[in-house]
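One letter stands for each residue in the lines below.
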Amino acid sequence: MTLSTPPEPPPDPPDRATPAPATRGLPEVLRTPGYLRLLLVAAVVGVPISLAAFGFVTLEHAMQNGLWQHLPHKMGYSVAPWWWPLPLLTVAGLVVAGVAARLPGAGGHLPVNGLGGPPVLPSALPGVVVAALACLSFGAVLGPEGPLMAIGSGLALSAVRGARRAAAPEMVAVLAAAGSAAAIATVFGSPLVAAVLLIEAAGFGGPRLTALILPCLLASGVGAVVFTGFGAWSGLATGGLALPSLPPSQSLRAGDFLWGVPLAAVIGCGVALLMTLGRHVADWTTRHPSRRIVMCAIVVGALVAGYAASTGRSPEEAALSGQSTLATLAANPHSWATSALFMLVLCKGLAWCVSLGSLRGGPIFPVLLLGAATALLCQDLPGFGTLPGLAVGLAAAASATLRLPVSATVLAVLLLGDHGTDQVPVLVVASVVAFVVGELARAKWAPRPPAPAPADPS
């Protein structure tokens, strides 16, 4: 699924002469037999995709707990020692380098390129799964959302024969988007996030937008129902993104906006800088991937180990996707020393930057923790509430990373739960400010094309 390039609705069968999709009205699109079949396929594939997504996140969560909690305990440590990330990240780098060199699809797209990527063919799924499990379980500072979207895309396309995929590229794009939506709805906990992401990213309106959204929303809704029901029935843990406990709710005050606006600008600029540096890491890595992927993984391990050695805290807080650390931080923000929060932002931010350009995973989960930690560094400012600060950090970080301010606002509101409604004004402002500042910063730091050579006077 490519968020920046919207797919068009599938064409009619060849025996029906109809106007181009962009010129047809919505009723004509909905009455098309091929489109109705696509809706049916989208609903059906939501079930196996949700089960595959459940299996993936459950396995990843179990591997993560085994490597970062159970194995250190068996070796006599109460928590993972400071050096623990170094061997684990080295193994992750070796696995990703091997997958990138030998398996179709090179293990999936680089997270620095955004949340989604081009439609993933079924032949690339083994590499995506192996690389993602190695990165996410062994400590790469990335989230599961990118690989889940790739898995959903590949499984959805596996329902269509290769000849049919080659003959109908528009259908491939829509079906892949529906599969990605079904998978991402499970990890974000709501089909609404997937739908809003697609609406905002599509960049067009009218019947084309509705024709894209309907199969995606249908697949994500079916997938979310199956995912939730299967999780309750099996009792297996998935480690999804959630904030079960938050600071006490409070009304917004003038200080929340006076401090929140510049804080959102700082977060937007910082995220844009880290992603720009991640792009340079990606350019450097792709020239000699087998060796440099491993080197980048070792750097990530060193940064995580540096956090643990300098703070005396568990390296697990700076490694991995960060959803469990985010929940702990939100539940008891005053238990963290300012120095520990600063080192978390510094070390995890740099590790996220390197992971973006070299390893495999999603960009969103870690940056939410970075935004929240940055905001909580400012929680002692006069007139700045802890909960509004947390809201600003979540919305600003998501907006600057996704580059979709409405989607970032919806995600932050859903994460804050019952407290989210009261924080909507500051969430919206923070999301817009971070988006604008981030885009301006990217434009400033983007490489400029070389100046044209002067004309020959002769």
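Residues numbered from 1 in each chain as written. Predicted model: local features only at pLDDT ≥ 70, side-chain atom pairs only at ≥ 80, totals over all residues. Heavy atoms only, no water.

### Comments concerning the overall build of the protein chain
Then step 1. Scanning the protein chain for helices and strands turns up 17 helices and 0 strands.
Then step 2. Residues classed as buried in the protein chain amount to 54% of the 458 residues present.
Then step 3. Within the protein chain, contacts between residues separated by at least 24 positions form 79% of all contacts whose residues are at least 6 apart in sequence.
Then step 4. A total accessible area of about 18,400 Å² is found for the protein chain, and carbon and sulfur atoms account for 68% of it. (Helix = DSSP H or I, 4+ residues; strand = E, 2+ residues; numbered from the N terminus. Buried < 20%, exposed > 50% of the residue type's maximum accessible area, 1.4 Å probe, protein only. Contact = heavy atoms within 4.5 Å. Areas by Shrake-Rupley, 256 points an atom, 1.4 Å probe, with all protein chains shown as cover.)

### Some remarks on helix α12 (residues 323–331)
Then step 1. Every buried residue of α12 is accounted for by Gln323, Thr325, Leu326, Ala327, Leu329 and Ala330.
Then step 2. Buried positions along α12 lie against α13 (338–356), α14 (364–376) and α15 (386–402).

### As for the side chain of Ser399
Then step 1. By the element assignment, Ser399 lies in helix α15.
Then step 2. Setting aside anything within four residues of it in sequence, one finds Ser399 in contact with Leu404, Pro405, Ala408, Ser431 and Phe435.

### Some thoughts on a nonpolar patch on the surface
Then step 1. Judged by side-chain polarity, Leu71, Met75, Tyr77, Trp82 and Trp83 come together as a nonpolar surface patch covering roughly 470 Å² of accessible area.
Then step 2. Following the sequence through the fold, Trp83 ends up in the loop between α2 (33–74) and α3 (85–102). (Patch = residues over 30% accessible without salt bridge, like charges linked within 9 Å, V, L, I, M, F, W, Y side chains within 5 Å. Salt bridge = Lys/Arg side-chain N within 4 Å of Asp/Glu carboxyl O.)

### Side note on the packing of aromatic side chains
Then step 1. Applying the stated criterion across every chain yields a total of 2 aromatic pairs.
Then step 2. On the basis of an interplanar angle of 80° and a centroid distance of 6.1 Å, the ring pair of Tyr77 and Trp83 is categorised as edge-to-face.
Then step 3. With centroids separated by 5.6 Å and ring planes inclined at 50°, the aromatic side chains of Trp83 and Trp84 adopt a geometry described as tilted.
Then step 4. The class for Trp83 is partly exposed, based on a relative accessible area of 30%.
Then step 5. Put simply, the rings of Tyr77, Trp83 and Trp84 touch in pairs and so form one group of aromatic residues.
Then step 6. In this structure, Arg313 is placed above the aromatic ring of Trp336, and the distance from its NZ or CZ to the ring centre is 3.9 Å. (Phe/Tyr/Trp six-rings, centres within 6.5 Å; stacked < 30°, edge-to-face > 60°. Lys NZ or Arg CZ within 6 Å of the ring centre and 35° of its normal.)

### Some points on the confidence of the model for the protein chain
Then step 1. Averaged over every residue, the pLDDT of the protein chain is 83; residues scoring 70 or more account for 79%.
Then step 2. Residue range residues 1–23 is modelled with pLDDT below 50. Its contacts to residues more than four positions away, or to other chains, number 48 contacts. (pLDDT = per-residue confidence, 0-100.)

### Looking at the pattern of salt bridges
Then step 1. For the structure shown, the criterion picks out 3 salt bridges.
Then step 2. Between Arg403 and Glu439 there is a salt bridge, with its nearest N and O atoms 2.8 Å apart. Residue Arg403 is located in the loop between α15 and α16 (405–416), and its partner Glu439 is located in helix α17 (residues 424–445); the two are separated by 36 residues in the primary sequence.
Then step 3. In this structure Glu439 comes out as partly exposed when scored by relative accessible area, which is 24%.

### Some thoughts on the packing of helix α10 (residues 254–287) against α13
Then step 1. At a minimum axis separation of 7 Å, α10 and α13 run at an interaxial angle of 40°. The angle between the axes of α10 and α13 places the two elements in the oblique class. Of the two possible hands of crossing, α10 and α13 adopt the one that is right-handed. From α10, Val271, Leu274, Met275, Leu277, Gly278 and Val281 reach across to α13, where they touch Gly349, Leu350, Trp352, Cys353, Val354 and Leu356. (Axes fitted to C-alpha atoms, helices over the stretch in contact; angles between N-to-C directions. Parallel < 35°, antiparallel > 145°, perpendicular 65-115°, else oblique. Left-handed = near helix turned anticlockwise from the far one by under 90°.)

### Description of helix α4 (residues 125–138)
An α-helical turn contains 3.6 residues, so a residue and the one three or four places further along point in the same direction.
Then step 1. Between its terminal C-alpha atoms α4 stretches 20 Å, which fits the 20 Å expected from 14 residues at 1.5 Å a residue.
Then step 2. For α4, the buried fraction is high: 11 of the 14 residues fall into the buried class.
Then step 3. When we look at burial in α4, the residues that qualify are Leu125, Gly127, Val128, Ala131, Ala132, Leu133, Ala134, Cys135, Leu136, Ser137 and Phe138.
Then step 4. The first or second residue beyond α4 is Gly139, which carries a positive phi of 120°. (Expected span 1.5 Å × (residues − 1).)

### Let's talk about the environment of Thr276
Then step 1. For Thr276, the position within the fold is in helix α10.
Then step 2. Residue classification places Thr276 among the buried positions, given a relative accessible area of 16%.
Then step 3. Counting along the chain gives 77 residues from Thr276 to Cys353, while the straight-line C-alpha distance between them is 8.5 Å.

### Topic: the nonpolar core
Then step 1. Ranked by internal contacts, the top residues of the largest apolar core, which has 128 residues, are Phe188, Trp352 and Leu394.
Then step 2. For this core, the element with the highest residue contribution is helix α7 (residues 169–188), accounting for 13 residues.
Then step 3. Those residues in contact with Leu394, other than ones at most four positions away along the chain, are Leu243, Leu326, Leu368, Ala372, Ala412, Leu415 and Leu416. (Core = buried A, V, L, I, M, F, W, Y, C linked by side-chain atoms within 4.5 Å.)

### Observations concerning unusual backbone geometry
As a rule of thumb, non-glycine residues mostly have phi less than zero, and peptide bonds are mostly trans rather than cis.
Then step 1. You will see that Leu320, though not glycine, has its phi angle at about 65°, which is positive.
Then step 2. Positionally, Leu320 belongs in the loop between α11 (289–311) and α12.
Then step 3. Judged by its relative accessible area of 3%, Leu320 falls in the buried class.
Then step 4. Not every positive phi belongs to a glycine, and Arg403 is a case in point at roughly 60°.

### Quick look at the environment of Gly383
Then step 1. By the element assignment, Gly383 lies in the loop between α14 and α15.
Then step 2. For Gly383, a relative accessible area of 33% gives the class partly exposed.
Then step 3. For the pair Gly383 and Phe257, spaced 126 residues apart in the sequence, the C-alpha separation amounts to 9.5 Å.
Then step 4. Apart from the residues within four sequence positions on either side, Gly383 is in contact with Arg253, Gly255, Asp256 and Trp259.

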